[in-house]
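Observations on the three-dimensional arrangement
Now for the letters of each chain:
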Amino acid sequence: MKQQLLIFLLFLASFAYGQTKVSGFVKDEYGEPVAFANVIFRDSNEGTITDENGRFYLESQKNHSALWISFLGYELQDYPLTKKVSYNLEIVLLEEAESLSEVVLFSGKTSKKDNPAIDILKKIWANRRENGVKKFKQYQYNKYEKLEFDLNTIDSALIKSKLFKGMEFVFDQIDTSNITGNTYLPIFVNEAFSKVYGDNILKEEKETLEGNKNSGFENNQALIAFVKDLYSDYDVYDNYLKFFDKAFTSPLSKTGVDVYNYVLLDSAYRDNKWCYNIVYYPRRKNELTFKGDFWVNDSTWAIKEINLQASKSANLNWVRDVYIEQEFEVLNDSIFLITRDYFLSDFSLRKKEGARGLYGKRTTLYDQYTFDIPKDKNFYKEPIDPYQEEVYNRPDSFWDERRLEPLSKDEVGVYKMLDTLKTVPRFKAFYNIGATLASGYYEFPNFDYGPIFSTFGFNEAEGIRVRTGGRTYFGQNDPWRLEGFVAYGFRDNKFKYGISGKVILDQKSRLILFGGNRRDVEQTGASLTSSTDVLGRNLASSALITVGANDKLTNINLTTLGFEVEPAKNLIFRLTLDYRTMRSATDSFSLSYLDENGEIQSTIKQPEIDFGINYTPGRKTIGYGVEKRVVNDNFPVFFARFTNGLKKVMGGDFDYRKVQALYTQPWNIGGFGRAYTTIEIGKIYGTVPLGLLSPIPGNQTLFSIYNTFNQLDFYEFVSDTYASFHLQHDFGGRLFSRIPGVRKLNLREVIGFRAVYGTISAENQAINVDQMGNPVIYMAPEDIYWEWSVGIGNIFKVFRLDFNFRGNYLDHPEARPFGVTGVFGFAF
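Residues numbered from 1 in each chain as written. Predicted model: local features only at pLDDT ≥ 70, side-chain atom pairs only at ≥ 80, totals over all residues. Heavy atoms only, no water.

1. Quick notes on the overall build of the chain
Scanning the chain from terminus to terminus reveals 9 helices and 44 strands. Looking at the chain as a whole, 49% of its 828 residues are labelled buried. In the chain, once contacts between residues fewer than 6 apart in sequence are set aside, the share between residues at least 24 apart is 62%. With the model as given, the accessible surface of the chain reaches about 40000 Å², and the carbon-plus-sulfur share is 57%. (Helix = DSSP H or I, 4+ residues; strand = E, 2+ residues; numbered from the N terminus. Buried < 20%, exposed > 50% of the residue type's maximum accessible area, 1.4 Å probe, protein only. Contact = heavy atoms within 4.5 Å. Areas by Shrake-Rupley, 256 points an atom, 1.4 Å probe, with all protein chains shown as cover.)

Take a look at the structure:
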């Protein structure tokens, strides 16, 4: 009886709060979907727009009795709602009868002439606003940010599945999205409260984190940083809005008229300011565009509100939906301030309706703006402690005072739910599997085994190679770390090993001491600017399948000791003392040379002092331990190195100097995709044998490896002076999206161009011999070797196929004029 009474009371309570939910499909009288139709509750400003397939979802906290559905060229449909919750409605729009009183009709692709919406858009361009804080000398404001991940499309089949056996309690927190209409289960919430200070004269900005609270799992800073970078800051007035490494055309862009249709829909007061409401939707499918609407003030022409929803057909992987809302406070004719920014992404393996996915949400609120309060320049230079324990352990009273938006019931419950979930053995097993696939390491207490993807390999010297290894891991901010491996080759019947260690001595300057030793077999002709990491080993050293024989291999014994320091953010100085011995690992390859007495030497013994400078402006990292994790990839790299070879020191064979430089730059070219370019130059001063020269990096694997030459064999060209250029451009599907029948595949076009110039001195030619003392002549690309490629990317969303063409030196023995390579990767 008590249970029945409780159910009855809950039933009555559901009527105490007004809420209306509707979803459905809008079509014309011929059964065709009506895309981008307006759907609003009668006599209200609450509405939405249908997607490309005519589908919509809409909800309100108020009770509504009818919908208005309209689209230019069709009669207004007044659709009665008989229930508070009405799903899968089918609404038919009838074509509007022609009338002499009509002035202009915009349907389908709207006109660029005599369109009042375009006239308003031009006034927005003419009065383009900067963010209001840029209008003052100094500024300060509070910033509250909430990140959330939700499992979506929860149904009875999922709840009852064996996957969640023993974890059924998690479904107590299920809710429904007011944007997509899908059910969802919060699984991660992170809250942060910061104070932001800026000085436009000094061009400085500083954000001080005052509180951070999260549910979920330990060491989730990587997840938080990833999401923040994914949803990087943007300005709706910019021509392009960049998300997921893609550039979406903004509806306020001056190029927007070429990719969007605009319709003036309404005018009304918004917060006591008269505004126009303009609806926009894409002219073509498969482009990186949005649909939505915005309200613009009729005198300042400043945006008051805007929402953007990514086109369903946009060439995006793993993202089913993107929705953005922004609200602004207009202070006067020239200043507006953002007050709320909401970003939702629906990640899913499939874009199909009903497929399960994951919501990623970011809500950012701003308040208490103050201006023109100067602070000393040193204030902005003072380093911020990367981890203050009290910041991450604020009491509930702190959040009650500073939380600018209350948590929903489900968000409150997720804190307790996830604490319980972490104790469930089945969940721990799932978590360990996912962590292993993501990091390549299997986690044990205080130790990680791996990388598991390097367990097996093959080359001509070792035959089949098996490897086992691991690293110490007490947490992501460990002040020290040890790493090592043991490998065995079944052809040479030899063990190889490597061990390294590093420790951070000073947090402020990030002074790190490192060292190690490795005995291994390596392909040293796979890169121009090689790593100084003692355990660094390239893919070409043990690729399972290669083009031709991978027999030009080196037995190497390398010992390093050095330190690095970061005196300024992303500027690293590194000093290394290393000692290496090298000799050929196969009989078909020679590293032999003639010494000063004309005798044949098969082993190179060489100590070096190496000084390097690495500058990566814009690089974002997390952590404060001996290893920091990089969370973005859209930054340039400037690298310079000077190496001094020591003769007769520790038995050193050669005296030489080597200078090298590298510059890599990603380029986001608006609607034309993204490009990468790399320039490398280097020169060796002195006479050295093959093992110390600079081979032009070939690629005999079946994988496309950036910064190598896919149609060159290893050691086909060798130099002591070189300059190379690499270009790779991904158009992001811009061309394929215009080809009927192909656009549905969401393929992407990739082109590449690679060129290198090099020389080699007569002395460095003459010193190299084979094991019998016969001269071995190596060629340098003095006529500039070049090759190019075209590729088809996004095949099955994870694979790219490149068709490579050799440009010259086709008369070389066994030259490869054409080749096909591929690469796997997960990209949005």
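There is more to say after this.
2. Here we look at the sheet that holds strand β5 (residues 66-70)
If you trace the 4 strands from one edge of the open sheet to the other, you get β3-β2-β5-β6, paired in antiparallel fashion. Edge positions in the open sheet fall to β3 (47-49) and β6 (77-80), since each of these has one partner strand only. Each strand axis lies, on average, 20 degrees off the axis of its neighbour in the sheet, ignoring direction. Judged from the 4 bridges that link them, strand β2 (residues 38-41) and β5 form a sheet pairing that is antiparallel. From the neighbouring strand, Asn 38 faces β5, where its bridge partner is Ser 70. (Pairing = 2+ DSSP bridges. Axes fitted to C-alpha atoms, helices over the stretch in contact; angles between N-to-C directions.)

3. As for the environment of Leu 690
If you trace the backbone, Leu 690 turns up in the loop between β37 (674-685) and β38 (694-695). We classify Leu 690 as buried; its relative accessible area is 2%. The sequence separation of Leu 690 and Val 776 amounts to 86 residues, and the corresponding C-alpha distance is 9.8 Å. If we skip the residues at most four places from it in the chain, Leu 690 touches Phe 589, Ser 590, Leu 591, Tyr 715, Val 718, Asn 768 and Tyr 778.

4. A few points about the sheet that holds strand β4 (residues 55-60)
In spatial order, the strands read β4-β1-β7; together these 3 strands make up an open sheet with mixed pairing. In the strand order of this sheet, the two ends are held by β4 and β7 (85-93), each with one partner. Ignoring which end each strand starts from, the neighbouring axes of this sheet average 25 degrees apart. Where strand β1 (residues 20-28) meets β7, 7 bridges bridge the pair, whose relative direction is parallel. What sits directly across from Lys 27, in β7, is Val 92.

5. Comments concerning the packing of aromatic side chains
This structure, assessed with the given rule, holds 34 aromatic pairs. Pairing Tyr 260 with Tyr 280 gives two aromatic rings, centres 5.5 Å apart and planes at 85 degrees, and the pair type is edge-to-face. In this pair, Tyr 260 is assigned in strand β14 (residues 260-270) and Tyr 280 in strand β15 (residues 273-282), connecting sequence segments 20 residues apart. Both residues of the pair, Tyr 260 and Tyr 280, belong to the buried class. Joined through ring pairs, the aromatic side chains of Phe 136, Tyr 139, Tyr 141, Tyr 366, Tyr 369 and Phe 371 make up one cluster. Seen from the ring of Tyr 685, Lys 683 lies directly overhead, with NZ or CZ sitting 5.2 Å from the centre. (Phe/Tyr/Trp six-rings, centres within 6.5 Å; stacked < 30°, edge-to-face > 60°. Lys NZ or Arg CZ within 6 Å of the ring centre and 35° of its normal.)

6. Here we look at the confidence of the model for the chain
Mean pLDDT for the chain: 84, with 86% of residues reaching 70 or above. For residues 1-18, every residue scores under 50 in pLDDT, and the model assigns this stretch 8 contacts once sequence neighbours within four places are set aside. In this model residues 98-107 is a low-confidence stretch, pLDDT under 50, and it forms 14 contacts with partners more than four residues away in sequence or in other chains. (pLDDT = per-residue confidence, 0-100.)

7. Structural notes on the pairing of strand β25 (residues 480-489)
Where strand β24 (residues 463-472) and β25 come together, 7 bridges link them in antiparallel fashion. The residue of β25 that forms the bridge with Gly 469 is Phe 485. Bridging between β25 and strand β26 (residues 494-506) involves 10 bridges; their strand directions are antiparallel. Within β26, the residue paired with Gly 484 across the bridge is Ile 499.

8. Focus on helix α2 (residues 116-126)
Note on helix geometry: an α-helix contains 3.6 residues per turn, so any two residues three or four positions apart are oriented the same way. Taken as a whole, α2 has its buried residues at Ala 117, Ile 118, Ile 120, Leu 121, Ile 124 and Trp 125. Projected onto a plane normal to the axis of α2, the buried residues spread over an arc of 160 degrees and lie on a single side. Backbone nitrogen of Ala 117 and a side-chain oxygen of the N-cap are separated by 3.0 Å at the start of α2; the cap is Asn 115. (Arc of directions from axis to C-beta. Polar contact = N/O pair within 3.5 Å; in protein donor to acceptor, adjacent residues only side chain to side chain.)

9. So, the environment of Leu 288
Structurally, Leu 288 is set in the loop between β15 and β16 (290-297). We classify Leu 288 as buried; its relative accessible area is 16%. Taking the C-alpha atoms as reference points, Leu 288 and Gly 732, 444 residues apart in sequence, are found 9.1 Å from one another. The contact partners of Leu 288, leaving out residues within four places of it in the chain, are Lys 246, Ala 247, Phe 248, Thr 249, Ala 314, Asn 315 and Leu 316.

10. Brief notes about the pattern of salt bridges
Following the criterion strictly, the structure yields 40 salt bridges and no others. Here Glu 287 ties to Arg 284 by a salt bridge, and the two come within 3.0 Å at their closest N and O atoms. Here Arg 510 makes a salt bridge to Glu 566, at a shortest N to O gap of 3.7 Å. Here Arg 510 is found in the loop between β26 and β27 (511-522), whereas its partner Glu 566 is found in strand β28 (residues 554-568), with 56 residues between them in sequence. Judged by its relative accessible area of 11%, Arg 510 is buried. Three or more residues are tied together by salt bridges with common partners; here these are Glu 462, Arg 465, Asp 492, Lys 496, Arg 518, Asp 520 and Glu 522. (Salt bridge = Lys/Arg side-chain N within 4 Å of Asp/Glu carboxyl O.)

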